[in-house]
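So the chains spell out like this:
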Amino acid sequence: MPELPEVETTRRGLEPLIVGRKIVATKIHQKQLRWEIPSHLPKTINGHKINSITRRAKYLLVNLSNGSVVMHLGMSGSISVVPSGAKLKKHQHLEIELDNNTTMRLHDPRRFGAALWQKQNETLNLLKNLGPEPLNDEFSGDILYKFSRGKKQNIKTFIMDNANVVGVGNIYASESLFVAGISPKRASGNVSKKRYQKLTRSIIDVLTRAIEKGGTTINDFKTVDGQPGYFSQSLSVYNRKDMPCKRCDGTIKKIIQNQRASYYCPKCQR
Ligand code: ZN
């Protein structure tokens with residue numbers, strides 16, 4: 001599943017290819033994604049210039065003068081920019097043609113992704129009530145400490161909750177807890193402020209390194225130019241069940257928390 005680093009990698013890949021271009025045509029080939037692609041989208045966006053592409057949590061916002069196309073990659077989505085008229089591939093559900101003979105295409109085999117419209121000066125409900133961005137200044141150990149008081153929920157599930165911090169998905173939650181030396185089983189309400197400060201630095205560090213490597217390709221994530229992400233080679237615990245710990249002589253363990261796999265070293269994560 002594309003997580004924050006993969007979405008940010010996609011944003012950075014798209015930026016030089018689409019910003020400043022005018023949309024000349026829009027084709028919806030399959031409107032049934034996680035939510036229906038609004039049928040007015042072509043009429044609403046054709047003829048408008050793309051001013052910027054930004055990211056909030058795992059949503060990409062293609063910003064025009066009259067609003068934004070809000071896109072989500074779901075479980076298996078990717079976006080590519082191809083020469084206009086290139087043969088349409090299976091699962092390419094939405095095409096946005098630009099004024100330089102290129103076309104942006106949303107490819108999503110499992111159809112959990114989205115392409116929605118957000119009017120100027122409005123905020124879609126799904127973008128409301130989101131916690132702090134981990135790579136912005138608003139994110140801190142103090143905030144996590146404050147949000148976690150009185151909570152019995154384990155710390156891994158806690159940092160994967162978008163209300164506490166956005167975009168820390170399953171892979172990066174396991175990796176960040178390993179770097180911080182915190183067991184994923186620990187109750188979030190019992191973790192000290194000092195350890196939250198360490199965890200905050202670990203989350204920032206892990207996400208930043210993953211973005212530098214173009215994200216993590218476990219299954220089928222591809223960057224805008226069709227390359228896999230290379231952070232998979234740098235993973236310390238994720239997908240490493242029964243393998244030796246990279247830091248001590250322990251062995252990586254796999255457990256299930258909140259229906260998701262967690263990987264950790266019982267020896268150096270306390
Ligand atoms: Zn270890």
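A. Representation of the nonpolar core. Judged by nonpolar contacts, the single largest core of 30 residues is most densely connected at Leu 144, Ile 155, Ile 159, Tyr 172, Tyr 196, Leu 199 and Ile 203. Elements with a minimum of two residues in this core: helix H4 (155–159), helix H5 (170–180), helix H6 (193–212) and strand E10 (260–264). Excluding residues that lie within four positions of it along the chain, Leu 144 makes contacts with Phe 139, Phe 158, Ile 159, Asn 164, Val 165, Tyr 196 and Thr 200.

B. The sheet that holds strand E2 (residues 52–56), seen in detail. With respect to topology, four strands assemble into an open sheet ordered E2-E3-E4-E8, the strand pairing being antiparallel. Edge positions in the open sheet fall to E2 and strand E8 (114–119), since each of these has one partner strand only. With strand direction ignored, the average angle separating the axes of adjacent strands in the sheet is 25°. In this sheet, strand E4 (residues 67–72) lies alongside strand E3 (residues 59–64) in antiparallel orientation, the contact comprising six bridges. Note on E4: the bridge partner recorded for Leu 60 is Met 71.

C. A look at the sheet that holds strand E6 (residues 92–98). Here four strands make up an open sheet; going across it, the order is E1-E6-E7-E5 and the pairing antiparallel. Across the chains shown, the open sheet's two edge strands, defined by having one partner strand only, are strand E1 (23–28) and strand E5 (78–83). With strand direction ignored, the average angle separating the axes of adjacent strands in the sheet is 20°. Note: E1 against E6, five bridges, orientation antiparallel. Bridge assignment links Lys 27 to a residue of E6, and that residue is Glu 95. Contacting E5, E6 and strand E7 (102–107), helix H1 (residues 4–18) runs over the sheet at an angle of about 25° to E5.

D. Fine view of the pattern of salt bridges. Enumeration over the complete set of coordinates arrives at eleven salt bridges. The partner of Glu 8 in a salt bridge is Arg 55, and the shortest N-O contact between them spans 2.8 Å. One end of the pair, Glu 8, is in helix H1; the other, Arg 55, is in strand E2, with 47 residues separating them in the sequence. A relative accessible area of 17% places Arg 55 in the buried class. Note that Lys 241 and Asp 242 form a salt bridge whose closest N and O atoms lie 3.7 Å from each other. Assessed through its relative accessible area of 57%, Asp 242 is described here as exposed. Counted as one network, the salt bridges with shared partners bring together Glu 8, Arg 11, Arg 12, Glu 15, Arg 55, Arg 56 and Glu 133.

E. Broad picture of H1. Taking 1.5 Å as the rise per residue, H1 with 15 residues should run 21 Å; its terminal C-alpha atoms sit 20 Å apart, in good agreement. Among all positions of H1, only Leu 4, Pro 5, Glu 6, Val 7, Glu 8, Thr 9, Thr 10, Arg 11, Leu 14 and Ile 18 are buried. Count one or two residues on from H1 and you reach Gly 20, which has phi positive near 95°.

F. Structural detail: the coordination of the zinc ion. Protein-derived ligands of the zinc ion are Cys 245 (SG), Cys 248 (SG), Cys 265 (SG) and Cys 268 (SG), with the metal-ligand distances lying across 2.3 to 2.4 Å. Geometry at the zinc ion is tetrahedral, judged from its four donor atoms and the angles of 101 to 120° they form at the metal. Along the chain, the residues donating to the zinc ion fall in the pattern C-x2-C-x16-C-x2-C. We classify Cys 265 as buried; its relative accessible area is 0%.

G. Just the pairing of E10, in detail. Counting buried residues along E10, four of its five residues qualify, which places the element largely inside the surrounding structure. Bridge analysis of strand E9 (residues 253–257) against E10 gives five bridges, and the strand direction is antiparallel. Bridged to Ile 256 within E10 is Ala 261.

H. Quick peek at the pairing of E5. Taking burial as the measure, the six residues of E5 include five buried ones, the bulk of the element. Pairing geometry for E5 and E7, over six bridges, is antiparallel. Each residue of the ladder has a partner; that of Ser 80, found in E7, is Arg 105.

I. Quick look at the packing of aromatic side chains. Within the structure shown, the criterion is met by two aromatic pairs. Directly above the aromatic system of Phe 178 lies the positively charged group of Arg 247, at a separation of 4.1 Å from the ring centroid.

About the cut-offs
Residues numbered from 1 in each chain as written. Predicted model: local features only at pLDDT ≥ 70, side-chain atom pairs only at ≥ 80, totals over all residues. Heavy atoms only, no water. Core = buried A, V, L, I, M, F, W, Y, C linked by side-chain atoms within 4.5 Å. Buried < 20%, exposed > 50% of the residue type's maximum accessible area, 1.4 Å probe, protein only. Helix = DSSP H or I, 4+ residues; strand = E, 2+ residues; numbered from the N terminus. Contact = heavy atoms within 4.5 Å. Pairing = 2+ DSSP bridges. Axes fitted to C-alpha atoms, helices over the stretch in contact; angles between N-to-C directions. Salt bridge = Lys/Arg side-chain N within 4 Å of Asp/Glu carboxyl O. Expected span 1.5 Å × (residues − 1). Donors = N, O, S within 2.8 Å, 3.2 Å for Na, K, Ca; no water. Tetrahedral: all angles 85-135°; square planar, octahedral: opposite > 155°, others 65-115°. Phe/Tyr/Trp six-rings, centres within 6.5 Å; stacked < 30°, edge-to-face > 60°. Lys NZ or Arg CZ within 6 Å of the ring centre and 35° of its normal.

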